[in-house]
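# Chains, contacts and geometry: an overview
The lines below spell out each chain.
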Amino acid sequence: MRGGVLGAAGLLKTAVIALAMIGCGGNEPSFEGAGEHHEAHHEAAAQHAEAPAAPSGPRPTRVMDDGARLFGAELGEAPVVALSDITTSPDRYAGQVVRTEGTIERVCQAMGCWMELRGENAPAVRVPMAGHAFFLPRDVAGRAATIEGRVAVQALSPDMRAHLESEGALATASSLSIDATGVVVR
């Protein structure tokens, strides 16, 4: 009996990890075979949209002395770039790892796997969470955030755009996104 209970718990944990790895709204890397990966991602994303989120929400990697919460990896030494500079000249920063800040406009309400970040004098930018390596709480809209991640300039497919919009995304017309490896929410 004990082995059966542990087996079921292990199976549940594996299913949750698999769901998290499926992806939702992230940028698909441009690797050989990425088309096949994108097809699998899209099919699985439809299933993920129906999956319930954990009731307690994601836990921060750590809570800082000032109460700010870090999700994902520790922020490194990436150069600080104003979000308005990135949105004005996205091709200049494409492929670069940067640190920037702004206000969280909205968060994926399915799992917290993306957010839209708005800077002063800048339109909102899509910020996927490092290929689902971590998630944000779904109730952090309106809070200040500092992020670190790789700038990407890649148009969304019509299917991915529709998927993100079904989760509440509005910044889907732009090809600009920043794939966050770490997010500090204040």
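What counts and how
Residues numbered from 1 in each chain as written. Predicted model: local features only at pLDDT ≥ 70, side-chain atom pairs only at ≥ 80, totals over all residues. Heavy atoms only, no water. Salt bridge = Lys/Arg side-chain N within 4 Å of Asp/Glu carboxyl O. Helix = DSSP H or I, 4+ residues; strand = E, 2+ residues; numbered from the N terminus. Buried < 20%, exposed > 50% of the residue type's maximum accessible area, 1.4 Å probe, protein only. Pairing = 2+ DSSP bridges. Core = buried A, V, L, I, M, F, W, Y, C linked by side-chain atoms within 4.5 Å. Contact = heavy atoms within 4.5 Å. pLDDT = per-residue confidence, 0-100. Arc of directions from axis to C-beta.

Let us look at the pattern of salt bridges. Inspection of every chain in the model, using the stated rule, returns five salt bridges. Here E105 and R118 are joined by a salt bridge, their closest N and O atoms 3.3 Å apart. Taken together, the residues E105 in strand β3 (residues 97–107) and R118 in strand β4 (residues 114–118) connect sequence positions 13 residues apart. Judged by relative accessible area, which is 34%, R118 ranks as partly exposed. For the salt bridge of R161 with E165, the shortest nitrogen-to-oxygen distance reads 3.3 Å.

Along a regular strand, successive side chains alternate from one face of the sheet to the other. Of all ten residues in strand β7 (residues 176–185), eight are buried; the element is thus mostly enclosed. When strand β2 (residues 69–72) meets β7, the two strands line up antiparallel, connected through four bridges. By the bridge assignment, L70 is partnered in β7 with V184. Examined bridge by bridge, strand β6 (residues 144–153) and β7 share nine bridges and lie antiparallel to one another. Looking at the pairing, I147 lines up with V183 of β7.

What follows concerns the nonpolar core. Of all hydrophobic cores here, the largest spans 24 residues; its most connected members are I86, I104, M115, L117, M129, L136 and V183. For this core, the elements supplying multiple residues, two or more each, are α3 (83–88), β3, β4, β5 (125–128), β6 and β7. Ranked by the residues each element gives to this core, the list is headed by β7, at five residues. The residues touching I86, leaving out its near neighbours within four places in the chain, are V81, Y93, V98, T100, V151, L176 and I178. Within the second largest apolar cluster, ten residues are counted, among which are C108, M160, L164 and A169.

Mean pLDDT over the chain works out to 78, with 70% of the residues at or above the 70 mark. In this model, residues 8–23 is a region of pLDDT below 50 whose contacts with residues beyond four sequence positions or in other chains number 13 contacts. Between residues 25–55, whose pLDDT stays under 50, and residues either more than four places distant or in other chains, the model counts 43 contacts.

This next bit is on the environment of P137. Among the structural elements, P137 can be located in the loop between β5 and β6. By relative accessible area, which is 8% here, P137 ends up buried. In sequence terms P137 and C113 are 24 residues apart; their C-alpha atoms lie 9.1 Å from each other. Ignoring any residue separated from it by four or fewer positions in sequence, one finds P137 in contact with P58, R69, F71 and V107.

For helix α5 (residues 158–166), the complete set of buried residues consists of M160, H163 and L164. The arc enclosing the buried residues of α5, seen along the axis, measures out at 95 degrees, which places them on a common side. Structural note: α5 exposes P158 and S166 on the side pointing more than 90 degrees away from its buried face. Of the residues one or two after α5, G168 is the one with positive phi, at around 105 degrees.

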